[in-house]
Amino acid sequence: MAALTDGPWPETPAAFPDAADGTPLSGPVRVSTVPSGGAPPAAPQSASVPELTRADELRAFGEVVASCTKCALAEGRTQVVFGSGNPDADLMFVGEAPGFHEDKQGIPFVGAAGKLLEQLLEGIGLTRQEVYIANVLLCRPPGNRDPMPQEIEACESHLWRQIELIEPRVVATLGNFATKLLSGRPTGITRVHGQEQETTLGGRRVLLYPIYHPAAALYTPRMLDVLNADFARLPELMGREATPPEPVYVAPVAAEPAVQLGLF
Ligand code: URA
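Each value, and the rule that gives it
Residues numbered from 1 in each chain as written. Predicted model: local features only at pLDDT ≥ 70, side-chain atom pairs only at ≥ 80, totals over all residues. Pairing = 2+ DSSP bridges. Helix = DSSP H or I, 4+ residues; strand = E, 2+ residues; numbered from the N terminus. Core = buried A, V, L, I, M, F, W, Y, C linked by C-beta atoms within 7 Å. Buried ≥ 20, exposed ≤ 12 C-beta atoms within 10 Å, placed from the backbone. Contact = placed C-beta atoms within 7 Å. Near = placed C-beta within 6 Å. Nonpolar A, V, L, I, M, F, W, Y, C, P; charged D, E, K, R; others polar. Expected span 1.5 Å × (residues − 1). Arc of directions from axis to C-beta. Axes fitted to C-alpha atoms, helices over the stretch in contact; angles between N-to-C directions. Parallel < 35°, antiparallel > 145°, perpendicular 65-115°, else oblique.

Peer 1: Could you give me a rundown of the sheet that holds strand S5 (residues 197–201), with the residues and numbers involved?
Peer 2: The strands that make up a sheet pair up through hydrogen bonds in the backbone, lying either parallel or antiparallel. The sheet built from 6 strands is open, its strands ordered S1-S3-S2-S4-S6-S5 with mixed pairing. Edge positions in the open sheet fall to strand S1 (84–85) and S5, since each of these has one partner strand only. Sheet analysis places S5 next to strand S6 (residues 204–211), joined by 5 bridges and oriented antiparallel. Within the sheet, the bridge partner assigned to Gln 197 lies in S6 and is Leu 208.

Peer 1: Explain the nonpolar core residue by residue, including any values.
Peer 2: Among the nonpolar cores identified, the biggest contains 53 residues, and Met 92, Val 94, Val 136, Val 171 and Ala 172 are the most heavily contacted of them. If we skip the residues at most four places from it in the chain, Met 92 touches Val 131, Tyr 132, Ala 134, Ile 163, Ile 166, Pro 168 and Val 171.

Peer 1: Explain the site of the ligand residue by residue, including any values.
Peer 2: Surrounding the ligand, one finds Gly 95, Glu 96, Ala 97, Pro 98, Gly 99, Glu 102, Pro 108, Phe 109, Gly 111, Ala 113, Gly 114 and Asn 135. Looking at the shell around the ligand residue by residue, the classes come out as 5 nonpolar, 5 polar and 2 charged.

Peer 1: Quick one: what's the story with helix H4 (residues 112–123), residue by residue and with numbers?
Peer 2: The terminal C-alpha atoms of H4 lie 17 Å apart, and with 12 residues this matches the ideal 16 Å at 1.5 Å per residue to within 8%. For H4, the full list of buried residues reads Ala 113, Gly 114, Leu 117, Leu 120 and Leu 121. Projected onto a plane normal to the axis of H4, the buried residues spread over an arc of 115 degrees and lie on a single side. For H4, the elements touching its buried residues are helix H8 (214–219) and helix H9 (223–232). One or two positions beyond H4, positive phi appears at Gly 125, with a value near 80 degrees.

Peer 1: Any chance you could break down the packing of helix H1 (residues 54–65) against helix H5 (residues 149–166) for me, citing the residues and the numbers?
Peer 2: Axis separation between H1 and H5 bottoms out at 10 Å; the angle between their running directions is 170 degrees. In terms of orientation, H1 lies roughly antiparallel with respect to H5. On the side of H1, the interface is formed by Arg 54, Glu 57, Leu 58, Phe 61 and Val 65, while H5 contributes His 158, Arg 161 and Leu 165. Class assignment of the residues belonging to the contact of H1 with H5 gives a composition of 4 nonpolar, 1 polar and 3 charged.

Peer 1: Please provide a residue-by-residue account of the environment of Leu 174, values included.
Peer 2: Position of Leu 174 among the secondary structure elements: in strand S4 (residues 170–174). Sequence separation between Leu 174 and Ala 216 is 42 residues, and the spatial gap between their C-alpha atoms is 9.9 Å. When near neighbours in sequence (up to four residues on either side) are disregarded, Leu 174 contacts Phe 93, Val 94, Gly 95, Ile 211, His 213 and Pro 214.

Peer 1: Go over the environment of Pro 142, please, and point to the residues and values.
Peer 2: Mapped onto the elements, Pro 142 comes out in the loop between strand S3 (132–135) and H5. Put simply, Pro 142 and Arg 77 are 65 residues apart on the chain and 8.4 Å apart in space, counted from C-alpha to C-alpha.

Peer 1: Pulling in residues and values, what's your account of the pairing of S4?
Peer 2: For S4, the buried fraction is high: 5 of the 5 residues fall into the buried class. Every second residue of S4 is oriented toward a common face, with Val 170, Ala 172 and Leu 174 on one face and Val 171 and Thr 173 on the other, all of them buried. When strand S2 (residues 91–95) meets S4, the two strands line up parallel, connected through 4 bridges. By the bridge assignment, Leu 91 is partnered in S4 with Val 170. The sheet contact formed by S4 and S6 spans 5 bridges and is parallel. Note that in S6 the partner of Thr 173 across the bridge is Pro 210.

Now the structure itself:
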């Protein structure tokens, strides 16, 4: 797991203490599509092979994921709910899991929480078509129960890949599950909401920005003020320049003295 040492958040223990069955969640798998050992050799250019756009790659990935059976949620779902929105978005939201309406329609955040998310976006001059919206889990947990650690573990590579393809500048995590998964830390949303954190996700520097889940304001209306205040900072965060990652210092390895065969 990448160490996240910068920023105001407390340190990460080895495992999340709130895992429902005590099983530690695996940390973020921040995969890179570039194999180790440098950039892949340039593919020969041919007029007959058009380059895939980000939208093409995302669509192709969505088609693969549509038949996922990596966890038991596959048995009860109507369909996999892949992320939706602008493939070139600078701002990506990550929620928890599809609910009843999302499971039926196959689109994230189309129920009551989704309507509120759209209103909050409108408040900062954005529409859902301009951002990208995904979830930690792509399948609906029965009765909208909380995601289980083994479900998150099974599903997380789908989220990392979407982040890798979208290359957002800001990733806003909605609620506890997305915040803990993407930060790699157990600190809950109450303590970290509204505090941006520069980190590396999907191989790129992003600003991770935890926000309360919009559903929180459906149950506790005064949460709306907090949500509005946290949303109000998003335009400024999206305009911020990414700081380049710290160069990694690799200590030179002392050359082994050559062994002269036959001397020992
Ligand atoms: N809540 C979520 O976290 N995601 C959805 O898609 C809908 C509601």
